[in-house]
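This is what each chain is made of:
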Amino acid sequence: MQAEQKIFKYPYSYALEMGRALNGFELSYTTYGTLNEAKDNIVWVCHALTGGSNVVEWWDGLVGTGKYLDPEKHFIICANILGSAYGSTGPLSIDTQTGKPFYQNFPILTVKDVVGALDLLRQELSITKIKLCIGGSLGGQQALEWAIEVPSLFEELILIASNAVH
């Protein structure tokens, strides 16, 4: 089953927890499989710090036909996080206020900022329930924060090699 890589463009100001804001942002995300009619087969994978949205590239032992996260059964979504170098708004993106890349002026992000952006993507995709959210390391922190922020969203969480606080 083919993966579909897409870009979510959020055109509004996005306030960040540390007091700054992004004048809009983009999130790269990849989907695998097909959303069923009941919309009850959604699996959201939150990646670790060095991961990207193409979960098959870095978690091929778990994701794929005949594997635990099977695109023949599940609609799998993995979104690249804000600040990462894999297609989402980050330090190399153009700062609309200066017309130049942010570089070291890119704002400090928190897990709450990352999750807020993921939740805006979720809303754009009209998703109201997620069967499973799974993440390791920073991805586990995202899943945990998201479950705290929107407690009725997930049926199941799998947190791997993660912690609640650094």
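Everything here concerns the structure above.
So, how was this worked out
- Residues numbered from 1 in each chain as written.
- Predicted model: local features only at pLDDT ≥ 70, side-chain atom pairs only at ≥ 80, totals over all residues.
- Heavy atoms only, no water.
- Helix = DSSP H or I, 4+ residues; strand = E, 2+ residues; numbered from the N terminus.
- Rg over C-alpha atoms; globule rule 2.2 N^0.38 Å.
- Contact = heavy atoms within 4.5 Å.
- Areas by Shrake-Rupley, 256 points an atom, 1.4 Å probe, with all protein chains shown as cover.
- Lys, Arg positive; Asp, Glu negative; His and termini not counted.
- Charge placed at Lys NZ, Arg CZ, Asp CG, Glu CD.
- Pairing = 2+ DSSP bridges.
- Axes fitted to C-alpha atoms, helices over the stretch in contact; angles between N-to-C directions.
- 1 Å grid on protein atoms, 1.4 Å probe; cavity = no way out; pocket = protein on both sides within 12 Å on 5 of 7 lines; lining within 4 Å.
- Points joined across faces, edges and corners; volume = space filled by probe spheres on them.
- Nonpolar A, V, L, I, M, F, W, Y, C, P; charged D, E, K, R; others polar.
- Buried < 20%, exposed > 50% of the residue type's maximum accessible area, 1.4 Å probe, protein only.
- Phe/Tyr/Trp six-rings, centres within 6.5 Å; stacked < 30°, edge-to-face > 60°.

Draft legend 1. Main features of the overall build of the protein chain. Counting secondary structure elements, the protein chain contains 3 helices and 8 strands. In sequence order, the secondary structure elements of the protein chain are arranged as β-β-β-α-β-β-β-α-β-α-β. By the compact-globule yardstick of 15 Å for 166 residues, the protein chain fits well, its C-alpha radius of gyration being 16 Å. The principal-axis extent of the C-alpha atoms belonging to the protein chain is close to 50 × 30 × 25 Å. Partitioning the intrachain contacts of the protein chain with sequence separation of at least 6 by distance along the chain shows that 66% fall at a separation of at least 24. As displayed, the protein chain has an accessible area near 8800 Å², and 52% of this comes from carbon and sulfur atoms. Of the charged side chains in the protein chain, 11 are positive and 17 negative, and the gap between their average positions amounts to 2 Å.

Draft legend 2. Fine view of the sheet that holds strand E3 (residues 42-46). With mixed pairing, 6 strands are arranged side by side in an open sheet as E1-E2-E4-E3-E7-E8. Every interior strand has two partners, whereas the edge strands, strand E1 (3-15) and strand E8 (154-160), have only one. Each strand axis lies, on average, 20° off the axis of its neighbour in the sheet, ignoring direction. In the packing of helix H2 (residues 111-124) onto the sheet, the strands contacted are E1, strand E2 (21-32), E3, strand E4 (75-79) and strand E7 (130-136), and the crossing angle to E1 comes to about 115°.

Draft legend 3. Main features of the layout of surface pockets. Taken as a whole, the largest pocket holds about 240 Å³ of empty space. Lining the largest pocket we find 14 residues, and of these Leu22, Asn23, Asp95, Thr96 and Phe102 sit closest to its centre. Looking at the lining of the largest pocket, the elements with two or more residues in it are E2 and strand E5 (94-95). Broken down by element, the residue count for the lining of the largest pocket peaks at 6 residues, all from E2. The class makeup of the residues in the lining of the largest pocket is 5 nonpolar, 6 polar and 3 charged.

Draft legend 4. Region of the structure containing unusual backbone geometry. Unusually for a residue other than glycine, tyrosine 103 sits at a positive phi of about 45°. With respect to the element layout, tyrosine 103 can be found in the loop between strand E6 (100-101) and H2. Judged by relative accessible area, which is 48%, tyrosine 103 ranks as partly exposed. The phi torsion at serine 137 lies on the positive side, around 60°, for a residue other than glycine. Checked against the element boundaries, serine 137 lands in the loop between E7 and helix H3 (138-149).

Draft legend 5. Highlighting the environment of alanine 117. Mapped onto the elements of the fold, alanine 117 is located in helix H2. When near neighbours in sequence (up to four residues on either side) are disregarded, alanine 117 contacts Phe8, Tyr14, Phe25, Leu27 and Leu82.

Draft legend 6. How the structure looks around the packing of aromatic side chains. Tallied over the full model, the rule gives 10 aromatic pairs. For the pair tyrosine 10 and tyrosine 14, a centre-to-centre distance of 6.4 Å together with 80° between the ring planes defines the contact as edge-to-face. Residue tyrosine 10 is classed as buried on the basis of its relative accessible area, which comes to 18%. Accessibility expressed as a relative area gives 10% for tyrosine 14, which makes it buried. Relative to phenylalanine 25, the ring of tyrosine 14 lies with its centre 5.1 Å away and its plane at 65°, an arrangement referred to as edge-to-face. Taken together, the residues tyrosine 14 in strand E1 and phenylalanine 25 in strand E2 connect sequence positions 11 residues apart.

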